[in-house]
Amino acid sequence: MHDENSRELYDRALSVMPGGVNSSVRAIRPYPFFIERGDGAHVIDADGNRLIDYVMGYGPLLYGHDLPEPVRAAIQSHASDGPMYGAPTEVEVELAEFVCRHVPSVEMIRFVNSGTEATVSAVRLARGHTGREKIVVMQGGYHGAQESTLVEGESGSVHPSSPGIPESFAEHTIPVPFNDREAIERVFEERGEEIAAVLTEPMLGNTGIVHPVEGYLERLRDLTAEHGSLLVFDEVITGFRVGGLGCAQGKFGVTPDVTTFGKIVGGGFPVGAIGGRMEVIEEFTPSGDVFQSGTFSGHPVTMAAGLESLRYAAENGVYEHVNGLGERLRSGLRELCEERAPGYTVAGTDSMFKVIFTRGAASQDASCEAGCRQDPDCARFERCPKTGADVDRAGTDRWERLFWSAMREEGVFLTANQFESQFVSYAHTEEDVEETLAAYEAAL
Ligand code: PLP
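Computed from a predicted structure; not experimentally measured.

Asker: Help me understand the overall build of the chain in this model?
Answerer: A count of helices and strands for the chain gives 14 helices and 16 strands. Radius of gyration (C-alpha) of the chain: 21 Å, near the 22 Å computed for a compact globule of 444 residues. Oriented by its inertia axes, the alpha-carbon framework of the chain measures out at about 55 × 55 × 45 Å. Looking at the chain residue by residue over its 444 residues, the buried ones come to 56%. Taking contacts inside the chain between residues at least 6 apart in sequence as the whole, the part at least 24 apart equals 72%. Of the accessible surface of the chain, which amounts to about 18,500 Å², a share of 48% is contributed by carbon and sulfur atoms.

Set out below in structure tokens:
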């Protein structure tokens, strides 16, 4: 595979951008390939290499790189009308109405410009609403580049995970292991009166994928309600991806007080949103006192892209297609792992998938479902990853340094480390899936 143009571009980029990139996860070693354009489910890089893409912009691209005609037309029309105004437009009302109609926990919504902005605002809202300061998060969960959640360590010894964040932020954050009922019960027993919110992805998508064990999300719901704290689901990845238009909360049957969105709700343009019960969301300014504002918030081009993307999904069997291919991929991967790497775990649901290079003894007959569902009757239940730390203990170097590049040689673009989820789009076909499975067979 030729890389001369990408290498040259990276050389230039290193002189003018820190690490040569605008988002750290893109700094693939030894250097990233630069994308020239997308084509359906494929990307074509600066050296003309064509790859089946499962990164899909890290999640936003439900349709891959060719947008359905109504989505494309709406984007073009709003862009050519003049990109934005600093005054409200009908299209943002329509997108808000659409989300409120399809996600039962959302009665009201505020649009912002990124998932990070959404989670920052949700944390401020929870603190403003409850008058409390502590936020409980999951170890291995990710909520963007925000001060309150960039923490490491255990309850009692929590520190910022990045220089530049005062220790005082970490003092107000309580990380617990995902899926660990006793840990969360202990935290609420000891400090329930201080907790403004539990902020969690309903399914870990940035360290895994890790599915919730039966009853865990329900326990979070009960504990937060009992103690007057808010349950905030971060559905930046899972929103309109898992569980279709009802999102992961609909699939898992647990209703949060507040939900953060991003990625798909903006149809491929920068977006975030905070939705939830009316009396909570109305605490944002100007109806309430919790300050929230943004020059680009509710940007008409983004709103049009999001609205038409979701409308198209509602009318065209999009989720049947992407989830069906996801299932086919996961079951094919399960068969391959059984044969070649029986210790590995195939994780994911709907259109999300990942092979986790789990370590430890494995027997040939102990196979999991097509996508780990944390089923207590599964022979692998005790060994499958249940927390971010379990995924950390997997063969992360083998994944990143050997497997990822082998897959690229085979013509498949995966997220560049063990941790981030991968996504099937509406543009993927059965042939793409078969080609992908053959690539895994060669690379595993
Ligand atoms: N929350 C979750 C669950 C995410 O996966 C991400 C990003 O991947 C974010 C928040 C931050 O979103 P953004 O990168 O748009 O700021």
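Next comes the rest of the description.
Asker: Hey, could you run me through the packing of helix α6 (residues 181-191) against helix α7 (residues 216-227) in this one?
Answerer: Angle between the axes and distance between the axes are the two parameters that describe a pair of packed helices. At a minimum axis separation of 11 Å, α6 and α7 run at an interaxial angle of 5 degrees. Compared by their axis directions, α6 and α7 come out roughly parallel. Listed contacts from α7 to Arg-181, Ile-184, Glu-185 and Phe-188 of α6 are Tyr-216, Arg-219, Leu-220, Leu-223, Thr-224 and His-227. A class-by-class count of the residues in the contact of α6 with α7 yields five nonpolar, two polar and three charged.

Asker: So what exactly am I meant to see when it comes to the nonpolar core here?
Answerer: What tends to happen in soluble globular proteins is that the nonpolar side chains get buried as a cluster. In terms of nonpolar packing, the biggest core is built from 34 residues, with Val-136, Met-138, Val-176, Ile-184, Val-198, Tyr-216 and Leu-220 touching the most fellow members. Counting only elements with at least two residues in this core, the list comes to β5 (134-139), β8 (173-177), α6, β9 (195-200), α7, β10 (230-234), α8 (247-252) and β14 (352-356). Here this core gets four residues from one element, more than from any other, and that element is α7. Contacts of Val-198, omitting those with residues within four sequence positions, involve Val-136, Met-138, Ile-184, Phe-188, Leu-220, Thr-224, Leu-230, Leu-231 and Val-232. Counting 33 residues, the second-largest nonpolar core is a separate cluster that includes Ala-341, Tyr-344, Val-346 and Val-433.

Asker: Please clarify how the domain arrangement of the chain should be interpreted in this entry.
Answerer: A common way to report how large an interface is uses the accessible area buried once the components associate. Taken as a whole, the chain is organised into domain 1 (4-66 + 318-443) and domain 2 (69-315). Across the contact, 33 residues belong to domain 1 and 31 residues belong to domain 2. Across the domain 1 to domain 2 interface the summed buried area is about 2,600 Å²; carbon plus sulfur atoms make up 61%. A per-residue breakdown of the area domain 1 buries against domain 2 is headed by Tyr-63, Tyr-319 and Met-352, which together make up 22% of the total. Inspection of the domain 1/domain 2 interface yields one salt bridge. Between the two partners, domain 1 and domain 2, sit 15 residue pairs in polar contact (both at pLDDT 80 or more). Counting only elements with at least two residues in the side of domain 1 that touches domain 2, the list comes to α11 (318-340), β14 and α12 (388-392). With four residues, β14 is the single largest residue contributor to the side of domain 1 that touches domain 2. The class makeup of the residues in the side of domain 1 that touches domain 2 is 18 nonpolar, 10 polar and five charged.

Asker: Would you mind showing me how to read the environment of Arg-186 here?
Answerer: By the secondary structure assignment, Arg-186 is in helix α6. Sequence separation of Arg-186 and Gly-266 is 80 residues, and the distance between their C-alpha atoms is 38 Å.

Asker: Can you walk me through the pairing of strand β6 (residues 151-154) in this structure?
Answerer: Each regular strand shows side chains that alternate between the opposite faces of the sheet. With four bridges joining them, β6 and strand β7 (residues 157-160) adopt antiparallel strand pairing. Residue pairing across strands places Val-151 opposite Pro-160, the latter belonging to β7.

The rules we used
- Residues numbered from 1 in each chain as written.
- Predicted model: local features only at pLDDT ≥ 70, side-chain atom pairs only at ≥ 80, totals over all residues.
- Heavy atoms only, no water.
- Helix = DSSP H or I, 4+ residues; strand = E, 2+ residues; numbered from the N terminus.
- Rg over C-alpha atoms; globule rule 2.2 N^0.38 Å.
- Buried < 20%, exposed > 50% of the residue type's maximum accessible area, 1.4 Å probe, protein only.
- Contact = heavy atoms within 4.5 Å.
- Areas by Shrake-Rupley, 256 points an atom, 1.4 Å probe, with all protein chains shown as cover.
- Axes fitted to C-alpha atoms, helices over the stretch in contact; angles between N-to-C directions.
- Parallel < 35°, antiparallel > 145°, perpendicular 65-115°, else oblique.
- Nonpolar A, V, L, I, M, F, W, Y, C, P; charged D, E, K, R; others polar.
- Core = buried A, V, L, I, M, F, W, Y, C linked by side-chain atoms within 4.5 Å.
- Domains from an automatic or database assignment.
- Buried area = accessible area lost by both parts, 1.4 Å probe.
- Salt bridge = Lys/Arg side-chain N within 4 Å of Asp/Glu carboxyl O.
- Polar contact = N/O pair within 3.5 Å; in protein donor to acceptor, adjacent residues only side chain to side chain.
- Pairing = 2+ DSSP bridges.

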